[in-house]
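Here are the chains, one letter per residue:
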Amino acid sequence: MTYLCRNLAMQLYQIRSKQILPISKKEAWDFLSNPSNLKVITPEHMGFHILDGAEQPMFPGQIIQYKVRPFPFLEMKWVTEITHVETEHYFVDEQRFGPYALWHHKHFIKEVEGGVEMQDIVDYKLPFGILGRLAHPLLVKKQLQSIFTFREQRLSEVFGTVEGAENMLEIKAI
């Protein structure tokens, strides 16, 4: 019984998204690796604001502090660390303090016909054990789908689209 309860409380989730944009790898990298552009691709109702750490170009070990409002009744500080960077290929940010028990976000960029494919893979875990698991389908999953859908739309508005390209967004338990 203890094993079952512990496993119920330890559920991991994953977001996978892909988007193809008609831009160069350098343009994609310059936009995505600049923390200031997060505000451009984050819904306004999230109250996203960078507090500190985004003054320099991205580097491993960089700590960035934000203020975010994940839900109308909850404003909090979110601190991430850039843990890995390979210029024009990928970077990884990990939450050090914030709304998740775990947040590990990988950003990949690769050239494809007609532009670049941007892929995000986020592994995350909610706090509060079984209560977090219950909140996932009711609140958190819907909120994350909304955020990533907004992001896809904003990137298309800023950079355009590739005709016939299929974008993808999936959130699942792993």
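This one's a predicted model, so the numbers in the text were calculated from it and none came from an experiment. Sequence order as written defines the numbering, with residues in each chain counted from 1. Under the rules for a predicted model, residues below a pLDDT of 70 receive no local features and side-chain atom pairs below 80 are neither given nor counted, while totals for whole chains, interfaces and linings still include all residues. Note: side-chain values were computed over all heavy atoms of the structure, leaving out hydrogens and water.

A short note on helix α3 (residues 129-159)
Next, step 1: At H136, α3 shows its largest bend, some 70 degrees, and a proline, P137, comes one to four positions later.
Next, step 2: Listed as buried for α3 are G132, H136, V140, Q143, L144, I147, F148, R151, L155 and S156.
Next, step 3: What makes two residues a contact is simply this: any of their non-hydrogen atoms within 4.5 Å. Helix and strand definitions follow DSSP, with helices as H or I runs of at least four residues and strands as E runs of at least two, each counted in order from the N terminus. Those residues of α3 that are buried lie in contact with β1 (12-21), α2 (25-32), β3 (63-71), β6 (102-112), β7 (115-125) and β8 (168-173).
Next, step 4: Positive phi shows up at G160, right after α3, with a value of about 95 degrees. Bend, in this description, refers to the angle at a residue between axes fitted to the seven residues ending there and the seven starting there. We call a residue buried when its accessible area falls under 20% of the maximum for its residue type, exposed when it is over 50%, and partly exposed in between, using a 1.4 Å probe and counting protein chains only.

Focus: the sheet that holds β3
Next, step 1: Only when DSSP finds a minimum of two bridges between them are two strands counted as paired. The antiparallel open sheet is built from 8 strands, whose spatial order is β2-β3-β4-β5-β6-β7-β1-β8. Strand pairing shows two members of the sheet lacking a second neighbour, β2 (49-52) and β8, which therefore form its edges. Between one strand and the next, the sheet's axes are offset by a mean angle of 20 degrees, whatever the strand orientation.
Next, step 2: What counts as an axis is a line fitted to C-alpha atoms, over the stretch in contact for a helix, and the angles between N-to-C directions run from 0 to 180 degrees. Most of the contacts of α2 go to β6, to which it runs at about 160 degrees, and overall it touches β4 (74-86), β5 (90-97), β6 and β7.
Next, step 3: The strands touched by α3 within the sheet are β1, β3, β6, β7 and β8, with β1 carrying the most contacts at an inclination of about 15 degrees.

Quick word on the packing of aromatic side chains
Next, step 1: Pairing of aromatic side chains requires ring centres within 6.5 Å, counting the rings of Phe and Tyr and the six-membered ring of Trp. Pairs whose planes differ by under 30 degrees are stacked, by over 60 edge-to-face, and all others tilted. Scanning the model with the defined rule gives 10 aromatic pairs in all.
Next, step 2: Ring geometry for Y13 versus Y124: centroids 5.5 Å apart, planes at 25 degrees, classification stacked. Residue Y13 is found in strand β1, and its partner Y124 is found in strand β7; the two are separated by 111 residues along the sequence.
Next, step 3: For Y124, a relative accessible area of 0% puts it in the buried group.
Next, step 4: When the ring of W78 is compared with that of W103, the centres are 5.4 Å apart and the planes differ by 85 degrees; the resulting orientation is edge-to-face. Taken together, the positions of W78 in strand β4 and W103 in strand β6 put the pair 25 residues apart, joining distant regions of the chain. No difference in accessibility class separates W78 from W103, as the two residues are buried.
Next, step 5: The structure contains a cluster of three or more aromatic residues connected by ring pairs, namely Y13, W78, Y100, W103 and Y124.

Comments concerning the environment of G53
Next, step 1: Within the element layout of this structure, G53 appears in the loop between β2 and β3.
Next, step 2: For G53 and Y90, which are 37 residues apart along the polypeptide, the C-alpha to C-alpha distance reads 19 Å.
Next, step 3: Beyond its immediate sequence surroundings of up to four residues, G53 is in contact with Q62, I63 and I64.

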